[in-house]
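Breakdown of the fold
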Amino acid sequence: MKITIIAGARPNFIKIAPIIKAIQKKQSEGASLSFRLVHTGQHYDKNLSETFFEELNIPHPNANLEVKSGSQAQQTAAIMVAFEQELISNPCDLVLVVGDVNSTMACAIVAKKMNIKVTHVEAGIRSGDLSMPEEINRIVTDSITDYFFTTSTWAGENLLKYGAEPSTIHFVGNVMIDTLHQNLSRISAPNFWNEFQLEKGNYIILTLHRPSNVDEENSLIDLLKGIDQMVGNKKVIFPIHPRTKAILGEQNLSLKNILLVEPQGYLNFMYLIKNSFAVITDSGGISEETTVLGIPCFTLRTTTERPETIEIGTNHLIGTSIKNLEKIFSDFLKNGAKKAGIPALWDGKASDRIISILLEKYQKPQ
């Protein structure tokens, strides 16, 4: 079986790393299995892409489509054109996509139109918010997927509602957590750890990237000033995305507690998360990692596609109001962290399950 694996953006790299390791393990056991890694180039900043290949021991891509930035339509179209040529030159039996970025949807469409089977890892998650580009990518990808691999039973129920055949849905766990388990012994403090006098539990991590939070300059400034005032004597480490940095421009915000740093590699960032007091974020994926690490997480969104991180995990869904964040964070400081656990099958073995199932299915008549 020849598998083409797609990676395009930071979360993709984290998810494909354990899948590649699982393939290599099966190869060492004599399985008739090979893979070709295609990087679409959707994220092309070194700190957002190449660093992750190096840190997570992912082989350098067999191909880089180098699509870079553009509007969602330009980027999706560029990926589709380039990936079609990639598949013509390098046929495969299966295209494996992960997550919900533009690369995920674009490559799934191309593969399906070329009569190549599509596997979607992290299938079935839904926020219910069609204003999120990722939600459209999820729906389109899942509508043409052949093999679904889910992180929760809830995601499988979503797929059934959309008409997926039960036999094609496989609850395997969370590959992002596989990567976390595989690298916890390797995480390390960033170079500013001593400079900022960071210690376990004396700082908060802040990440922001969603348009609803960062695209309007004044509301972004109000949000940052509100967070700066509410955290007391805690430092706030804010790895700022280049796009967000550009929106702030040369503003002198006079922030007392928030410290702006460059985007971090995986090993440094997980060290920061693991040793933090709490995390404030608008990322879905980070709420999965904080749940497993037991770190209180406050998500600045009105919806989430990962409800298990709220139901059983450490995550609080805040909305986008700074006043709501202040209230819930104040309650947390007064009453302590809520009781939390780890969702089923988030045990570091999801990738092994995925490759075993694919080998079994591929060997059977379809």
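Residues numbered from 1 in each chain as written. Predicted model: local features only at pLDDT ≥ 70, side-chain atom pairs only at ≥ 80, totals over all residues. Heavy atoms only, no water.

Some thoughts on the overall build of the protein
Along the protein, the regular secondary structure elements total 15 helices and 13 strands. Taking 21 Å as the expected radius of gyration for a compact globule of 366 residues, we find that the protein reaches 20 Å, a close match to that expectation. Projecting the C-alpha coordinates of the protein onto the three principal axes gives extents of approximately 60 × 40 × 40 Å. Every one of the 366 residues in the protein was classed for burial, and the buried ones make up 57%. Of all intrachain contacts in the protein linking residues separated by at least 6 positions in sequence, the fraction that spans at least 24 positions is 68%. Taken as a whole, the protein presents about 15600 Å² of accessible surface, with 50% of it coming from carbon and sulfur. With 36 positive and 39 negative side-chain charges, the protein shows a spacing of 4 Å between the two charge centroids. (Helix = DSSP H or I, 4+ residues; strand = E, 2+ residues; numbered from the N terminus. Rg over C-alpha atoms; globule rule 2.2 N^0.38 Å. Buried < 20%, exposed > 50% of the residue type's maximum accessible area, 1.4 Å probe, protein only. Contact = heavy atoms within 4.5 Å. Areas by Shrake-Rupley, 256 points an atom, 1.4 Å probe, with all protein chains shown as cover. Lys, Arg positive; Asp, Glu negative; His and termini not counted. Charge placed at Lys NZ, Arg CZ, Asp CG, Glu CD.)

Topic: the pairing of strand β10 (residues 258–261)
Consecutive side chains of a regular strand alternate in pointing toward one face of the sheet and then the other. Sheet analysis places strand β9 (residues 235–239) next to β10, joined by four bridges and oriented parallel. Looking at the pairing, Phe 238 lines up with Leu 260 of β10. In this fold, the crossover linking β9 to β10 by way of helix α10 (residues 242–248) has right-handed handedness. (Pairing = 2+ DSSP bridges. Right-handed = clockwise from strand over helix to strand, strands pointing away.)

Some points on the side chain of Lys 15
The topology assignment puts Lys 15 in helix α1 (residues 10–28). Lys 15 gets classed as buried once you look at its relative accessible area, which sits at 4%. At 3.1 Å, the side chain of Lys 15 forms a polar contact with the side chain of Glu 122. With sequence-adjacent residues up to four places away left out, Lys 15 is seen in contact with Val 98, Gly 99, Glu 122, Val 175, Met 176 and Arg 306. (Polar contact = N/O pair within 3.5 Å; in protein donor to acceptor, adjacent residues only side chain to side chain.)

A word on the pattern of salt bridges
Counted by the stated rule, this structure contains 16 salt bridges. Here Lys 112 makes a salt bridge to Asp 146, at a shortest N to O gap of 2.9 Å. In this pair, Lys 112 sits in helix α4 (residues 102–113) while Asp 146 sits in the loop between α5 (133–143) and β6 (147–150), placing the two residues 34 residues apart along the sequence. (Salt bridge = Lys/Arg side-chain N within 4 Å of Asp/Glu carboxyl O.)

Some words on the environment of Thr 291
In this structure, Thr 291 sits in helix α12 (residues 284–293). Take Thr 291: its relative accessible area is 3%, and that puts it in the buried class. Along the primary structure Thr 291 and Glu 326 are separated by 35 residues, whereas in three dimensions their C-alpha atoms are 21 Å apart. Discounting chain neighbours no more than four positions away, the residues touching Thr 291 are Thr 309, Gly 313, Thr 314, Asn 315, Gly 341, Ile 342, Pro 343 and Trp 346. For Thr 291, the side chain forms a polar contact with the main-chain oxygen of Ser 287, separated by 2.9 Å.

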